[in-house]
Structures are given as C-alpha cells and as structure tokens.
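Chains, contacts and geometry: an overview
Below are the chains, spelled out letter by letter.
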Amino acid sequence: MRRYSLPALAALMALTAAACSTSPDTPDTDAAPSSPPERPTATGSATQPPPPEHTRKTEPPAPSAADGQNTDACTDGNCEITVTKPVTIRFQGPDGTAATLSVTEVGPDKIEYEVKSGNGQSKGGASGPGQGCITVLRSNGSGNSCGGLADTRPSAQPDAVVIQATTGANGTARLHIVSP
C-alpha cells in the first residue's frame, strides 16, 4: 500500500475535483437547471428573487367615476362620484326641496348612509363584494333595496331621485344620483 503525504493528498484531491467539474465552455447536460441569480439590494447584500407574478397580491384599482370625488357635482341631483370617507352631499330632492345624502361609513366592501328629504328619511347599508343599495326618493316617501348590484348607472324615474351606492374592495364606494 502506498502512503501519501498530506500535501500530496490535497493536491491529488484538487486535481480530481477539477477533472470532474464542467468547464464554462462546455454545457453540462446532466446538471439541474439553475435558479435565477439573486439580486443585490441597496446595501449590496443578496436577496431572494421576487415571487412569481401570479402569487403576488394586488389591490384592484379604485373605481373611476365620471365626477371623480367632487361632491359639488351632485348639487343638481345628477352625479357619479367615488367616496373614501364619510361625507355629506346636498342636492335637489324630487319636489325641488333640499335633500342630503350622508355617507356615515366607507370601508373595504362596505358602505352605510342616510338620506333626508323634506320630512322623510331613509337609511341604507351594504357589505360584501359587489353589494350595494338603491334608494328612490319621491315627494310622498322613499324606499330602499339592497343586495348584489351591477356597477352600472341607475335609470331615471319620473318624479323621483334615484341614489345608488355600491361597495368597493379597496375602501371606496361609488355613488350615483340620478334625477329626471
């Protein structure tokens, strides 16, 4: 049996390792596919690559409204606005009297409001994706209907003001006020 000194054994192992590795000019067809290189951060250290696009959570964009967030656009009884916080909107009611729509709560997939016109008042509220309420104001009373709503503009009704409030996933709500 041959005996080797430690330096000779180390050199022999280094040569064996070099002979078994692939050179940069020759692709190794048996090697596993490499993962993407790590990206350095601002401090120069390496980080993990970002997650694939399909696993990232993103908020849907806020619904766009014809009148933006301008509550003054509603004074004539016809508007489409987006609200993100409690707000009071004054507009002309069905018989020409002053009416107010007070949004009391807005949150992700949630809206609550109160409508006052003449001697009457009505409250509405909805929570959940795609939910909302329609309030119809008439000179002799009002009525509410809440549930699943398509995000479309409500139709005008004779001698009535129609208010539609629809929830939004990102903490916004869309309001439509439609007069004849």
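First things first, this report covers the structure right here in the doc. In this text, all values refer to a predicted model and were calculated from it rather than measured experimentally. (Residues numbered from 1 in each chain as written. Predicted model: local features only at pLDDT ≥ 70, side-chain atom pairs only at ≥ 80, totals over all residues. Heavy atoms only, no water.)

Observations concerning the state of the cysteines
Worth spelling out the cut-off: Note on terminology: pairs of cysteine sulfur atoms within 2.5 Å are recorded as disulfides. Buried residues are those whose accessible area, probed at 1.4 Å on protein chains only, stays under 20% of the maximum for their type, while exposed residues exceed 50% and partly exposed ones sit between those limits. Numbering of helices and strands starts at the N terminus; helices are DSSP runs of H or I of at least 4 residues and strands are runs of E of at least 2.
Under the counting rule described, the total for this entry stands at two disulfides. Two residues share a disulfide in this structure: cysteine 74 and cysteine 79, whose sulfurs sit 2.0 Å from each other. The disulfide joining cysteine 74 to cysteine 79 has a torsion of about 90 degrees about its S-S bond and is therefore right-handed. Note on accessibility: cysteine 74 and cysteine 79 belong to one class, buried. Paired by a disulfide, cysteine 133 and cysteine 146 hold their sulfur atoms 2.0 Å apart. In this structure, the disulfide formed by cysteine 133 and cysteine 146 twists by about 110 degrees around the S-S bond and is classed as right-handed. In this pair, cysteine 133 is assigned in strand β8 (residues 131–138) and cysteine 146 in strand β9 (residues 141–148), connecting sequence segments 13 residues apart. The buried category is assigned to cysteine 133, whose relative accessible area is 1%. For cysteine 146, a relative accessible area of 45% corresponds to the partly exposed category. When the bonded cysteines of the protein are counted from the start of the sequence, the pairing works out to 1-2, 3-4.

Here's the deal with the pairing of β9
Basically, it comes down to this: At least two bridges found by DSSP between two strands is the condition for calling them paired.
Relative to β9, β8 runs antiparallel, the two being bridged by eight bridges. Counted as the bridge partner of glutamine 131 is glycine 148 from β9. Turn length for the β8-β9 hairpin, with the two strands adjacent in sequence and antiparallel, is two residues.

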